[in-house]
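# Coordinate analysis (summary)
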Amino acid sequence: MTTNVLHKESPTDLQTASARRAAGLLDSYGHLSGRDLLEVMIGIEFPGRIALASSFGAESAVLLHMISQIDRSLPVLFLNTGKLFGETLRYRDALVESLGLTGVTEVKPDPARLRESDGNGVLWRTNPDLCCHIRKVAPLEAALRNFDAWITGRKRFHGGLRGNLPVIEADATHVKINPLAGWRKQEIETYFEAHGLPRHPLEEDGFLSIGCMPCTDRVAPGADIRSARWSQREKTECGIHLPLPETHPQGNDR
Ligand code: SF4
């Protein structure tokens with residue numbers, strides 16, 4: 001069942017349509033997670049209209065491995081903000097090679113917008129919300145125009161706004177699939193071990209949630225996994241995952 005009508009409507013209609021579609025999918029598939037959910041979304045509900053957004057961070061290999069088992073050519077959107085760790089870029093290259101992924105696309109900020117608003121490259125310090133908008137939110141929005149749904153790697157154990165994450169939800173324009181929403185940290189570890197997946201090289205140095213270099217610190221022992229992102233600020237999300245005003249039902253997965 002393919003729905004390509006979402007992007008022919010007004011912004012309000014789009015939000016309503018994506019929320020309605022997500023609610024229906026949650027009713028039907030809210031009991032699924034992981035690869036089972038991915039297979040239905042990729043093969044049945046959104047064939048040719050769904051992409052994975054991956055940071056190639058500390059936990060990303062789990063979803064990337066599942067994708068490689070279902071469809072190696074699935075579009076994978078990698079947001080290269082220009083502020084990432086070199087280790088992340090090398091880890092990306094190694095994973096793409098070892099998993100045989102052929103659909104990875106590097107999504108970058110608009111150079112003109114960067115020159116205009118972040119000419120000296122330190123906007124992250126003076127206005128991190130604008131920096132995230134230019135380097136992450138706007139490029140991802142543009143890259144998602146060709147899709148009706150996207151897949152994220154967020155999990156409830158990350159805490160904060162993610163504590164009530166449903167497996168299927170909607171943003172203003174798209175359905176969002178969170179196949180690992182109910183997975184616990186130990187299940188991630190078990191999956192890595194079971195499939196012999198390589199770890200992000202910064203993980204052994206204490207970086208457990210890895211984003212841009214200026215805004216990522218080591219996680220203190222026992223602290224929430226996302227506590228070291230924008231650790232000196234109130235900010236907890238870059239903006240690509242901020243929720244709609246209405247909350248959505250959580251579904252009945254774990
Ligand atoms: Fe800028 Fe930091 Fe956001 Fe990266 S995480 S886009 S450096 S504010």
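Just above, that's the structure.
Values in this document were obtained by computation on a predicted structure and should not be read as measured data.

A few words now on the overall build of the protein. Secondary structure assignment for the protein yields eight helices and six strands. Secondary structure elements of the protein, listed N to C terminal, follow the sequence α-α-β-α-β-α-β-α-α-α-β-β-β-α. Sorting the 254 residues of the protein into buried and exposed places 51% on the buried side. Nonlocal contacts in the protein, meaning residues at least 24 apart in sequence, comprise 71% of its contacts between residues at least 6 apart. Roughly 12,000 Å² of accessible area belongs to the protein as shown, and the carbon and sulfur atoms make up 50% of that amount.

Further remarks concern the nonpolar core. Residues Met41, Ile50, Ile151 and Ile168 are the most contacted members of the largest nonpolar core, which totals 44 residues. The leading source of residues in this core is helix α3 (residues 60–70), at six residues. The residues touching Met41, leaving out its near neighbours within four places in the chain, are Leu25, Tyr29, Phe46, Pro47, Ile50, Ile168 and Ile177.

Attention now goes to helix α8 (residues 185–194). Among the residues making up α8, those that are buried are Ile188, Glu189, Tyr191 and Phe192. Each buried residue of α8 sits inside an arc of 160° when the element is viewed along its axis, so together they form one side. What points out from α8, more than 90 degrees from its buried face, is the exposed set Gln186, Glu193 and Ala194. Buried residues along α8 sit against α3 and α4 (86–99).

Of all residues adjacent to the ligand, which total 10 residues, the nearest are Pro128, Cys131, Cys132, Cys212 and Cys215. When its residues are assigned to classes, the shell around the ligand shows seven nonpolar, no polar and three charged.

Right, let's talk about the packing of aromatic side chains for a bit. A full pass over the atoms with the stated rule returns three aromatic pairs. With a centroid separation of 5.4 Å and 90° between ring planes, the pair formed by Phe56 and Phe78 is classed as edge-to-face. Taken as a pair, Phe56 in the loop between β1 (50–54) and α3 and Phe78 in strand β2 (residues 76–79) lie far apart in primary sequence, 22 residues in all. There is no split in this pair, since Phe56 and Phe78 are both buried. Centre to centre, the rings of Trp183 and Tyr191 are 6.0 Å apart; their planes meet at 55°, and the pair counts as tilted. Both residues of the pair, Trp183 and Tyr191, count as buried.

Cut-offs applied
- The residue numbering used here restarts from 1 in each chain and proceeds along that chain's sequence as written.
- In keeping with the predicted nature of the model, local features appear solely for residues at pLDDT of at least 70, side-chain atom pairs appear and are counted solely at 80 or more, and the whole-chain, interface and lining totals rest on all residues.
- Note: side-chain values were computed over all heavy atoms of the structure, leaving out hydrogens and water.
- Each helix is a run of H or I in the DSSP string that is no shorter than four residues. Each strand is a run of E no shorter than two, and both are numbered from the N terminus.
- Three labels apply to residues, based on accessible area from a 1.4 Å probe with only protein chains included: buried if under 20% of the type maximum, exposed if over 50%, partly exposed otherwise in between.
- Any two residues having at least one pair of non-hydrogen atoms within 4.5 Å are treated as being in contact.
- Where accessible areas are quoted, they stem from the Shrake-Rupley method and a 1.4 Å probe; at the residue level, only the protein chains shown are allowed to cover.
- We define a nonpolar core as any set of buried Ala, Val, Leu, Ile, Met, Phe, Trp, Tyr and Cys residues linked to one another through side-chain atoms lying within 4.5 Å.
- The reported arc concerns the directions from the helix axis to the C-beta atoms and nothing else.
- We define proximity as follows: a residue is near a molecule or strand when any one of its heavy atoms falls within 4 Å of that partner.
- Each residue receives one of three labels: charged for Asp, Glu, Lys and Arg, nonpolar for Ala, Val, Leu, Ile, Met, Phe, Trp, Tyr, Cys and Pro, and polar for the others, Gly being one of them.
- Two aromatic rings from Phe, Tyr or Trp, using only the six-membered ring of Trp, form a pair when their centres are within 6.5 Å; if the ring planes differ by under 30 degrees the pair is stacked, by over 60 it is edge-to-face, and anything between is tilted.

Geometric values such as these leave the question of function open.
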